[in-house]
Amino acid sequence: MGKLFTTLILLSISLSSLAQTKGTVADQLSGEPLQGATVRIKNKATGKTALSVATGLDGTFVIKALSKGNYELEVSFSGYKPYQQSISADQNPGALVIRMELKEALSEVRVTGRIDKGSDRSTMLYERRADNIINAVSARTIEVSPDLSVANVTQRIAGVSLQRSANGEGQYAIVRGMDKRYNYTLVNGIKIPSPDNKNRYVPLDIFPADLLDRLEVTKALTPNMEGDAIGGVVNMVMKDAPDHFSVRANAAIGQAQSFFDGTKFTTYNHSDLAEKSPRIAQGDNYLAAINDFSKKPFLFSAKKAPLASTLGLSVGGRVFRNKLGVLLAGSYQNLYRDVQSQFFRAETDRITNNPSFTNLQSRRYSFQQERTGMHARLDYVINPFNTIRLYAGSLSLRQNQYRFLSDTGLVLGRVGPGTGRIGNTFRTETQLQHITNISLQGEHKLSGSFRVNWSAVYSKATGNQPQRGTLVTSTGVTREANGTLTQQPVYIDNSTYQDWSRNSDEDKSGYLNLTYDSHIFNTAVQWTVGGMYRDKTRTSDYDKYNLRPDPSPQEYKGNAAANTFSVFNPQGTATDALNYDAYEKVGAGYAMFKFETGGLQALGGLRYENTHFNWVTASPKTVEGATGSIRYYDVLPSINLKYKLTAKQFLRLSYYSSLSRPGFYEITPHVYDDGVSDYPEQGNPHLKRTTAENFDIRWELFPKGVDQVLAGVFYKSIKNPIEYAIVNIGNLTYYSPANFGTANNYGFEADVTRYFHSLGVKANYTYTSSAITTSKVRRFQKTNTDGTKELTQENRTQTRPLQGQSKHVANLSLLYKNNKQGIDGQLAAVYTGARINTVSPFFDNDIWQKSFVQLDFSLEVRLTRSLSVYTKVNNILNTPYKLEIHIKNGQDAAAIPYQEVGKNAFIRKDTYGANYLFGLRFKR
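Residues numbered from 1 in each chain as written. Predicted model: local features only at pLDDT ≥ 70, side-chain atom pairs only at ≥ 80, totals over all residues. Heavy atoms only, no water.

## So, the overall build of the chain
Secondary structure assignment for the chain yields 7 helices and 50 strands. What you see for the chain is a C-alpha radius of gyration of 31 Å, in line with the 29 Å of a compact globule of 924 residues. When its C-alpha atoms are laid out on the principal axes, the chain stretches across 100 × 85 × 65 Å. Within the chain, contacts between residues at least 6 apart in sequence are counted, and of these 70% link residues at least 24 apart. Carbon and sulfur atoms make up 55% of the accessible area of the chain, which amounts to about 40,100 Å² in all. Of the side chains in the chain, 107 bear a positive and 82 a negative charge, and the two mean positions are spaced by 6 Å. (Helix = DSSP H or I, 4+ residues; strand = E, 2+ residues; numbered from the N terminus. Rg over C-alpha atoms; globule rule 2.2 N^0.38 Å. Contact = heavy atoms within 4.5 Å. Areas by Shrake-Rupley, 256 points an atom, 1.4 Å probe, with all protein chains shown as cover. Lys, Arg positive; Asp, Glu negative; His and termini not counted. Charge placed at Lys NZ, Arg CZ, Asp CG, Glu CD.)

This is how it looks when you write it as structure tokens:
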């Protein structure tokens, strides 16, 4: 004990002889902290470097254990003059404040330098200087995040939640509780078409995140923006040519946790599928024979799960005396997933109006998802007054899916003897989505006060589902009193089929903007007028052929190659409403002003949009709406005010008017009955556009570096929102899209970013409340005056939230960044509150997605100046996707699998597992 005490005393004396130096490195003019500056301490006596550190995220540094003596402190940072200062460790120098001076005059830097759009600092400045309310994510933040696709990146932004696809990947953005139909998508500020065969909205999972310089979500429109966004606008700013030659590459491999236990991956031959149906390939009058149909879509096999892989490469720089900038970039992601699912098919009881469970489906999916993106960006500076830009991008998403569905009668889950049937469905499906975007743009300064910019754009989106195969089998099952199950032979069902779907959406667009700078009463006022024109052509083809076992019945023994079929409908489905052509012409013009006086900046104006939409379907001409035309115009005012409270504090107020056009398929007079829904779906050729008045207030504080605090409120008054509801036509009842009066949507957003040297916190929270009133059916049993009971129903109105709107959405990310050691880590959590997944036609029977928390992790460690290793882990908690109806189960639920007495009625649960990726990143 005495030796230990002596050692501690000596250690304390030794430590007391060491000094600590700390401080902050900042820009001389702006006072903004400089992250990653190198701070060296040199011993004056020996001239050798004693210690070296890098400034943290907030520009601070700490040098510990500095022996007493005289030192020279040197600071260096790219683009700044070296800084030197003598310090003495014999005396505590206190907290140093070091101001770095730019190597060149600021005006020269503005002329010759180009801002790195991909940095956190650049993105924060973009948000701060924006004329309207936006949120943005930098390329660097995306790079070190756990996310691979643009869709998954959007969920980190305040007020944005995701709708996921069947494989668990994010697919569509929901902005401020407004469903995907109320948002649109841009590439470099240009709207792009959708590869979806029914809707306008663009699936964001087609875009690899590593092709971006910045991701923006705009929440308040300006007059020069297209007006069909009530929720918001997602803009992908693609990678641009850097100032100096640069090569960046990454490669990674990984695997889904669901395969760790040896689970096999089920696949099929998807390389040799027929691209076109027999009718499309041979003509409308062609009658298909069984030889026109390959059995390959009915053949599948299990194998060891392959490894996921990703590759990325970008090369760019400037040549010809910096006049020409060139960047070429590509990305490839090949991912594999296994998904397990339980799903109850529920009908609405005719007596109680409560859900009545009819069938339990167990599903298993094997997904292969190939995401490919390539783009080229060129800009040529003709002279200081004229610049030409060219962008060409190609983005593809190929998804190969095997789905096994086992549909059991509930008697199999109950106690006691009984009989039932098991129906098994085997489906192989390949979905090919592709987007091409080419834009040529020019910027011209015609005089000191007059500027012109223009864009000529060609975009095309296609979706192709070649030769999907759906093999249906059924068998009888008997449960004995002792619990023994006896299964009868398995037979192929008459509902087996193959189908094809093809669609394209082609846009030819032109944009022109003219800006004039003037002075009114010594105030600079900028006037801008402009317009755009888009010619859209959309085509859609669909064919379905029922293939029945011939002869019938036929036993299925696990290999359809041994079975024979005949074609039940050799003409295909030429009159299906998914066979249509649609044409839309949108012309727009606007006038906009911008001025700043004192601390107030104002930007506002008026936009006019004229829409002419017409369609021709394959439905018989006697069907109402088989062909049709709609023409309308909108006048859309907007104003954005930004008031400078202090040098780092702003208050924004905005108002804008906007619209949302109906989906193409919704307007066609289709009637679709899948045989399992309560009512068939019907289109509505009388559907109107939705309009909205939108209001925002946001307070902003940018304390230092990339720290920020944003807080605001929003309100939306929505006229003619589109929701699905029941419609009675004669003696028939349909489920159809319709306009429903007025809805309101309001909420609050808070967004905080704060760094403490190497540690950081990013957090945001959004509260949203909305209300819409629609007509529903309530079923019940009434007692007549004579005492008899009668099953009946009545129409009732019900007020509920908008579909897809969560009351609470939150993000929390814990960050660690050590510039000197090259470590960048992130633990990111996303909370999404309960929301309506499916609107039911029955009172109180809407299907809700349960609230959930998803946790992701990423880590990057620099090995050399150019090489680093990284890992990304998604869905660490194995968070499932759960659906339920907010009606409590009664005692009869005790005998039904997965149902609990007194709990909400369980509808569905999908389990995805975690996904792991490990890779290398190269930068030069």
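Let's pick the thread back up.
## Section: helix α3 (residues 120-129)
For α3, a buried count of 7 out of 10 residues is recorded, marking the element as mostly surrounded by other parts of the structure. Those residues of α3 that sit buried are Asp120, Ser122, Thr123, Met124, Leu125, Glu127 and Arg128. (Buried < 20%, exposed > 50% of the residue type's maximum accessible area, 1.4 Å probe, protein only.)

## Here we look at the pairing of strand β29 (residues 580-597)
On any regular strand, side chains alternate: one points to one face of the sheet, the next to the other face. Two elements, strand β27 (residues 523-549) and β29, share 16 bridges in a ladder whose sense is antiparallel. When the sheet's bridge partners are listed, Tyr533 is paired in β29 with Gly587. The hairpin formed by β29 and strand β30 (residues 600-617) contains 2 residues between the paired strands, and Gly598 there has a positive phi angle of roughly 60 degrees. (Pairing = 2+ DSSP bridges.)

## Structural notes on the side chain of Asp824
When you line up the elements, Asp824 lands in strand β43 (residues 823-832). Taking the relative accessible area as the measure of exposure, Asp824 reaches 8% and is therefore buried. Only 3.0 Å separates the side chain of Asp824 from the side chain of Lys817, close enough to count as a polar contact. Setting aside residues no more than four positions away along its own chain, Asp824 makes contact with Arg140, Val144, Tyr816, Lys817, Ser858, Leu859 and Glu860. (Polar contact = N/O pair within 3.5 Å; in protein donor to acceptor, adjacent residues only side chain to side chain.)

## Looking at the sheet that holds strand β13 (residues 212-218)
Here we have 5 strands laid out as an open sheet, ordered β8-β13-β14-β11-β12, and mixed in their pairing. Each end of this open sheet is capped by a strand with a single partner; those strands are β8 (134-138) and β12 (190-191). The sheet contact formed by strand β11 (residues 183-187) and strand β14 (residues 232-238) spans 5 bridges and is parallel. Bridge pairing links Leu186 to Asn235 in β14.

## Structural notes on the pairing of strand β40 (residues 759-783)
Strand direction decides the pairing type here: strand β39 (residues 742-756) and β40, joined by 13 bridges, are antiparallel. Bridge pairing links Glu749 to Thr766 in β40. Looking at chain direction, β40 and strand β42 (residues 808-818) are connected through 9 bridges and run antiparallel. Residue Lys762 lies in a different strand from β42, and its bridge partner there is Ser813. Across 12 bridges, β40 lies against strand β41 (residues 789-800) in antiparallel orientation. Among the inter-strand pairings, Thr773 is bridged to a residue of β41, identified as Thr799. The antiparallel pairing of β40 with β41 creates a hairpin that spans 5 residues between the two strands, and Gly787 there sits at a positive phi of about 90 degrees.

## Looking at unusual backbone geometry
A cis amide bond, omega 0 degrees, links Asp550 with the succeeding residue Pro551. By the secondary structure assignment, Pro551 is in the loop between β27 and β28 (565-567). At the junction of Ser552 and Pro553, the peptide bond is cis and its omega measures out at 0 degrees in the coordinates. Tracing the backbone through its elements, the reader meets Pro553 in the loop between β27 and β28. Backbone geometry at Asn322 places phi at a positive 65 degrees, although glycine is not the residue there. Structurally, the position occupied by Asn322 is in the loop between β18 (308-319) and β19 (324-348). For Asn322, a relative accessible area of 48% translates into the label partly exposed.

## Concerning the environment of Gly469
Relative to the assigned elements, Gly469 resides in strand β23 (residues 450-479). Here Gly469 falls in the buried class, since its relative accessible area comes to 0%. Considered as a pair, Gly469 and Phe426 are 43 residues apart in the sequence and their alpha carbons are 8.0 Å apart. With sequence-adjacent residues up to four places away left out, Gly469 is seen in contact with Pro297, Phe298, Phe426, Arg427, Thr428, Tyr497 and Gln498.

## As for the sheet that holds strand β3 (residues 49-54)
Judged by pairing direction, the sheet is antiparallel, and its 4 strands sit side by side in the order β3-β2-β5-β6 without closing on themselves. In the strand order of this sheet, the two ends are held by β3 and β6 (83-88), each with one partner. For this sheet, the mean inter-axis angle between neighbouring strands, taken without regard to orientation, is 20 degrees. Examined bridge by bridge, strand β2 (residues 38-43) and strand β5 (residues 70-76) share 6 bridges and lie antiparallel to one another. Bridging from a neighbouring strand, Thr38 pairs with Ser76 of β5. (Axes fitted to C-alpha atoms, helices over the stretch in contact; angles between N-to-C directions.)

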